[in-house]
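Next come the chains, spelled out residue by residue.
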Amino acid sequence: TSFSLSRERALALQPATDVDLVTDLQAEVSEAWRLLDSRADISLGGAHDIRQAVTRTSLGGMLDTSQLLDVLSTLECADRIRSALSRLMAEEYPWLSYLRTRIGSFREVIALISQTVSAQGEIMDSASPALGRIRSELRTAHQRLIDRLQSILNSQTYRTAIQEPIITIRNGRYVIPVRSDARGVIRGAIHDHSSSGATLYVEPFQTNDLNNRWRELQLQEQEEIERILQFISERIAVQAPAMLETVEGLASLDLALAKARFGAAMRAVLPTVHSDGALSLVNARHPLLTGPVVPISVRLGEDFRQLLVTGPNTGGKTVALKTVGLLTLMAQSGLPVPADPGSRVAVFDGIFADIGDEQSIAQSLSTFSGHLTNIIRVLDEMTPNSLLLLDELGAGTDPAEGSALARSLLTYLLKTQARVMATTHYSELKAFASTTEGVENASVEFDVETLTPTYRLSIGLPGRSNALAIASRLGLRDEIIQGSKEFISSEEARVETMLARIARDREDASALFASAGEAQRDALTLRSRLEREVESVLQERENILKLARSEAQASLEDLRRELDRAEAELRLNGNAAQPVLAGLRNRIERATEQQAPLLAAPPTPEKRTPVVQPVAPLSDRGIQPGDRVTILRTGQEGTVTAVPPGRNELEVQIGPFKTRVKVKDVRYVGPGADIVEENRYAGGTRIQRSEGPAPSMEFDMRGWRVDEVIHELERYINDAYMSNMPFVRIIHGKGTGALRQVVREELATNPLVSSFRPAEAREGGEGVTVAQLSV
């Protein structure tokens, strides 16, 4: 958190039991998290808990300068936050938009304190005309007093009487040190003496009036300062309720931002919350564990209401209980939880935990008695919408009786509809979970070869205690191990054997599943590569056909132009050109028949519908300025800007460049719009002057998300360029610098920007970028 009030709220967090309230808390954190991700310039630096000071003014009290500076920095922080929140879309940030209404505007008080109190906590001379006059007179009186005392020190008459040639202060009066044996030489009032008595601090009678005047002006100064402080305090008192509401609003925002930063640091998520009593934590991690943490995935409350976790000691059973309980409490407190997306948490009205050894000699409690005392209290306070976390159920007493009692307790709890997660070592309870509807087994895994726990939690499979295997690996004599096996009943032996076989089968199935998944990924990769290759071949075929059609069309156009010239000669020379004309017509018909299959649209493969643009017929008027043509050699399309007479050439504009090409080297596409002066080109897209008023020379992007910047900034630069602006100012703020970096990267690649620089310090410095547009 950023200041004391939000810190108090963080320390006072309590889990809520109302689903709607928990949902609202999660929504607040979600908005704060998105705000941080957008790199918005949000900072609560300078905020203080000024509730006590503001309340004091409303009771008629006066604040000192340090308290006024706290009020000033808090109100300035509120002003910045209010301005930043006002740029957010209410539909996207409903809670933050509501929060903005709780944060008031106090420009008058801010200006009053700023013009009165300096950053060092002193009342400035300009605070009031009276204070300025008093201080001016005070400085003059002080100088006169010092000059008079200095003249006494420098006087030959008093040189032998003075202990040291210095001026000092005693009891608020200026004095000089005089030897005690020369007290009659300098007449005056004695205000103090040294510890040895050899020096007397004397105020000479010659300076008495000057000292009095200096002290009188000091008192006047203090009275004027108190009058100013009282006036400012009264102005604060007028707006005290709004200020108190503002501080509360800032604390609410700061706490939400702190929760979001906590979630980011923990790689946490905001789980879905609901009231159906079911939870599902995906790859959950205990937040206090450090280093490489093995996550667990737990579900409870949907297919089964009780989860019984078994397995060896140190395997992670108790940590699993604590993780489920703690993450549920965190979610109900509006905190992100260290788990993966897709996690769901129920809102319980109570979470009861009996974890650890409650043995106490002082209270005459054994391990069993301690557990039983807790369970009795839980049974008295729980409801059907409670979550119970029970560690080592039935432990601490005779195994047969403990197992029977644990079974009976689970059966009772099953009827109450409460959700239960428990740990145990009893084989009878494993069988109970396997045969009872609403109860499910789970186990923490253990590697017998290395004698180390894996900490993985497997739901659906009971765990083995592995006591004999662990004892054997640790070196216990085989004779003792074999003797132990003889004491295990045949039924228990069969259960352990069955569990071992199930565990092996499950591992084999997991390996096969992983292998199948890898094969599927390889197949998908191969399919994707083949699709890309087919696409490349089809594109190459299409390009070849396009080039061939262009050449065929150009050939026909040449023949048609020859036909046009022949017809012109026919009109001039009569029948003499008839044979030439007939020959040309035959050539055109043969060429058209031969090239008709090539000019036709190519067959398209299945599921591909390429769009073939029809070629516009050449008009009788010939190619003229404004027509669109394609340069056959490069395939680029451009606009004819001029047709020089008699040169059989065209001037064609392609993007920002103009070139001259032979008429025979272009293909007529169709008539274009009339050439408009200043028709420009940027980023491969033709830009036309936009209608409407010219854009502003300043573009404020503070608070924008990074993904909004590129498109909107490019559009603004285009509009400014078409409005003949020489330069523009982009306001992005300082903040973390992310928004500034994106803006400048975009300006560096925009062809309409010739250069850019940070603004001068008086213009905004690094918070503003000035972009010079191309001429």
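Residues numbered from 1 in each chain as written. Predicted model: local features only at pLDDT ≥ 70, side-chain atom pairs only at ≥ 80, totals over all residues. Heavy atoms only, no water.

A.B. asks: Before we move on, could you go through the overall build of the chain and cite the residues and values that matter?
C.D. replies: Secondary structure summary: the chain contains 19 helices and 25 strands in total. Counting all 775 residues of the chain, 40% fall into the buried class. Counted over contacts in the chain with a minimum sequence separation of 6, partners at least 24 positions apart contribute 67%. Of the roughly 42,800 Å² of accessible surface on the chain, 51% is carried by carbon and sulfur atoms. (Helix = DSSP H or I, 4+ residues; strand = E, 2+ residues; numbered from the N terminus. Buried < 20%, exposed > 50% of the residue type's maximum accessible area, 1.4 Å probe, protein only. Contact = heavy atoms within 4.5 Å. Areas by Shrake-Rupley, 256 points an atom, 1.4 Å probe, with all protein chains shown as cover.)

A.B. asks: Lay out the side chain of Arg419 with the relevant residues and their values.
C.D. replies: You can see Arg419 is positioned in strand β12 (residues 419-423). Asp276 provides the closest opposite charge to the buried, unpaired Arg419, separated from it by 6.5 Å. A distance of 2.9 Å separates the side chain of Arg419 from the backbone oxygen of Gly277, its partner in a polar contact. Polar side-chain contacts of Arg419 include one of 3.4 Å to the backbone oxygen of Gly301. (Lys, Arg positive; Asp, Glu negative; His and termini not counted. Salt bridge = Lys/Arg side-chain N within 4 Å of Asp/Glu carboxyl O. Polar contact = N/O pair within 3.5 Å; in protein donor to acceptor, adjacent residues only side chain to side chain.)

A.B. asks: Describe the nonpolar core, listing the residues and the values that go with them.
C.D. replies: Formed by 50 residues in total, the largest nonpolar core has its most connected members in Ile81, Leu96, Ile113 and Ile236. Listed by contribution, the elements that provide at least two residues to this core are α2 (19-37), α3 (51-58), α4 (65-86), α5 (94-102), α6 (107-114), α8 (208-238) and α9 (240-265). Excluding residues that lie within four positions of it along the chain, Leu96 makes contacts with Glu31, Leu35, Leu85, Leu88 and Leu253. (Core = buried A, V, L, I, M, F, W, Y, C linked by side-chain atoms within 4.5 Å.)

A.B. asks: Run through the sheet that holds strand β2 (residues 173-179), naming residues and quoting values.
C.D. replies: Across a sheet, strands are paired by hydrogen bonds formed along the backbone, either parallel or antiparallel in direction. A sheet is described by the order of its strands in space; here four strands give the open sequence β1-β2-β4-β3, paired in antiparallel fashion. Of all the strands in the sheet, just β1 (168-170) and β3 (188-193) have a single pairing partner and so form its edges. With strand direction ignored, the average angle separating the axes of adjacent strands in the sheet is 50 degrees. The sheet contact formed by β2 and strand β4 (residues 199-204) spans four bridges and is antiparallel. (Pairing = 2+ DSSP bridges. Axes fitted to C-alpha atoms, helices over the stretch in contact; angles between N-to-C directions.)

A.B. asks: Now, about a nonpolar patch on the surface: what can you tell me, with residues and values included?
C.D. replies: On the surface, Leu372, Ile376 and Leu405 cluster together into a nonpolar patch covering about 240 Å² of accessible area. For Leu372, the position within the fold is in helix α11 (residues 367-381). Judged by relative accessible area, Leu372 falls into the partly exposed class, the value being 32%. (Patch = residues over 30% accessible without salt bridge, like charges linked within 9 Å, V, L, I, M, F, W, Y side chains within 5 Å.)

A.B. asks: Requested: an account of the packing of α4 against α8, with residues and values cited.
C.D. replies: At a closest axis distance of 11 Å, the pairing of α4 and α8 adopts a crossing angle of 35 degrees. With respect to the hand of their crossing, α4 and α8 are arranged in left-handed fashion. Across the interface between the two elements, Thr65, Leu68 and Val71 of α4 pack against Leu229, Ile232 and Ile236 of α8. Residues that form the contact of α4 with α8 fall into these classes: five nonpolar, one polar and no charged. (Left-handed = near helix turned anticlockwise from the far one by under 90°. Nonpolar A, V, L, I, M, F, W, Y, C, P; charged D, E, K, R; others polar.)

A.B. asks: For the side chain of Glu31, give the residues involved together with the corresponding values.
C.D. replies: Tracing the backbone through its elements, the reader meets Glu31 in helix α2. Buried within the structure, Glu31 lacks any salt-bridge partner; its nearest side chain of opposite charge belongs to Arg34, at an N-O separation of 4.8 Å. At a separation of 3.0 Å, a polar atom in the side chain of Glu31 contacts the main-chain amide nitrogen of Leu96. Apart from residues no more than four positions distant in its own chain, Glu31 is found in contact with Glu92, Tyr93, Pro94, Trp95 and Leu96.

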